[in-house]
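Summary of structural features
What follows is the residue order along each chain.
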Amino acid sequence: KNFEVSFELIATQDDNMHLYYTEDGSINFTEEQSVWAPFKGSNDPQKVVFILPEEVLPTDLRIDLGYGKNEKQQEIVLKNFKMNYYGKSFEASGADIFNYFYTNKDNTILTLETATLKRLKSDQDAAPSLYPHTSLEEEIQKITK
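Summary of the structure given here. (Residues numbered from 1 in each chain as written. Predicted model: local features only at pLDDT ≥ 70, side-chain atom pairs only at ≥ 80, totals over all residues. Heavy atoms only, no water.)

1. A short note on the overall build of the protein chain
Note the cut-off: Strands here are runs of E lasting at least two residues and helices are runs of H or I lasting at least four, both read from the DSSP assignment and numbered beginning at the N terminus. The globule rule used here is 2.2 Å times the number of residues to the 0.38 power, and the radius of gyration it is set against is calculated over C-alpha atoms. Exposure classes here rest on a 1.4 Å probe applied to the protein chains alone. A residue is buried below 20% of its type maximum, exposed above 50%, and partly exposed in between. Contacts: residue pairs with any heavy atoms within 4.5 Å of one another. Each accessible area is a Shrake-Rupley estimate made with a 1.4 Å probe; only the visible protein chains count as cover when residues are assessed. Note that His is not counted, nor are the chain ends; the positive residues are Lys and Arg, and the negative ones are Asp and Glu. Charged side chains are reduced to one point each, which is NZ for Lys, CZ for Arg, CG for Asp and CD for Glu.
Summing up its helical and strand segments, the protein chain has one helix and 11 strands in all. By the compact-globule yardstick of 15 Å for 145 residues, the protein chain fits well, its C-alpha radius of gyration being 14 Å. In terms of principal-axis extent, the alpha carbons of the protein chain reach across some 40 × 25 × 25 Å. Across the 145 residues in the protein chain, those meeting the buried criterion constitute 48%. Sequence-distant contacts in the protein chain: of pairs separated by 6 or more residues, those separated by 24 or more amount to 69%. When the accessible surface of the protein chain is totalled, it reaches about 7500 Å², and 45% of it is carbon and sulfur. Each charge class in the protein chain was averaged separately, 15 positive and 24 negative side chains, and the resulting centres sit 3 Å apart.

Structure representation (structure tokens):
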């Protein structure tokens with residue numbers, strides 16, 4: 001019954017991902033409308049899953065791929081992004097993910113060919129982050145209608 005978002009990724013260090021959502025068509029993301037998902041570092045791909053609160057139908061999503069300063073986390077490779085709701089789903093893999101998200105250039109470096117994200121500066125407080133393109137909003141609408 002709940003809207004679910006998952007990322008398959010490779011991240012070698014333990015960290016926490018933060019998914020923000022809005023329900024009003026804006027990209028005014030707040031802590032009150034967000035969920036956290038911890039993960040363990042691994043050289044193997046792993047799935048990080050976010051389950052939104054019951055009855056939440058997002059219009060847009062933002063993802064922070066880490067929490068605070070984590071100088072050991074060199075890079076994160078995104079393999080797959082998926083959204084599920086009541087048996088309907090949407091997914092994108094590798095570089096195609098960036099048809100639906102764009103990076104925050106103030107804190108994120110993207111190598112598009114390998115879908116690899118890293119911090120602009122290793123000692124910065126903010127983790128790599130992704131903001132929605134309008135195409136993401138369109139895909140969310142398709143699976144929630």
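Having seen the structure, we can now continue with the description.
2. A short note on the pattern of salt bridges
The test is simple: What makes a salt bridge here is a side-chain nitrogen of Lys or Arg within 4 Å of a carboxyl oxygen of Asp or Glu, nothing more.
For the structure on display, the rule yields five salt bridges. Where Asp14 meets Lys40, a salt bridge forms, and the shortest distance between an N and an O atom there is 3.6 Å. Placement of the pair is Asp14 in the loop between strand 1 (4–11) and strand 2 (15–22) and Lys40 in the loop between strand 3 (34–39) and strand 4 (42–51), with a sequence separation of 26 residues. A salt bridge links Arg62 to Asp64; the nearest nitrogen and oxygen atoms lie 2.8 Å apart. Like Asp64, Arg62 is buried.

3. Considering the sheet that holds strand 2
We count it as follows: For two strands to count as paired, DSSP must find a minimum of two bridges between them. Helix axes are fitted to C-alpha atoms over the stretch in contact, other axes to C-alpha atoms as well, and angles between N-to-C directions run from 0 to 180 degrees.
Pairing is antiparallel across the open sheet formed by five strands, whose spatial order is 3-2-5-11-8. Of all the strands in the sheet, the pair left with one neighbour each is strand 3 and strand 8 (101–103). The average angle at which neighbouring strand axes cross in this sheet is 20 degrees, direction not considered. Set on the sheet, helix 1 (residues 134–144) makes contact with strand 5 (60–64), strand 8 and strand 11 (129–132); between it and strand 5 the angle comes to about 120 degrees.

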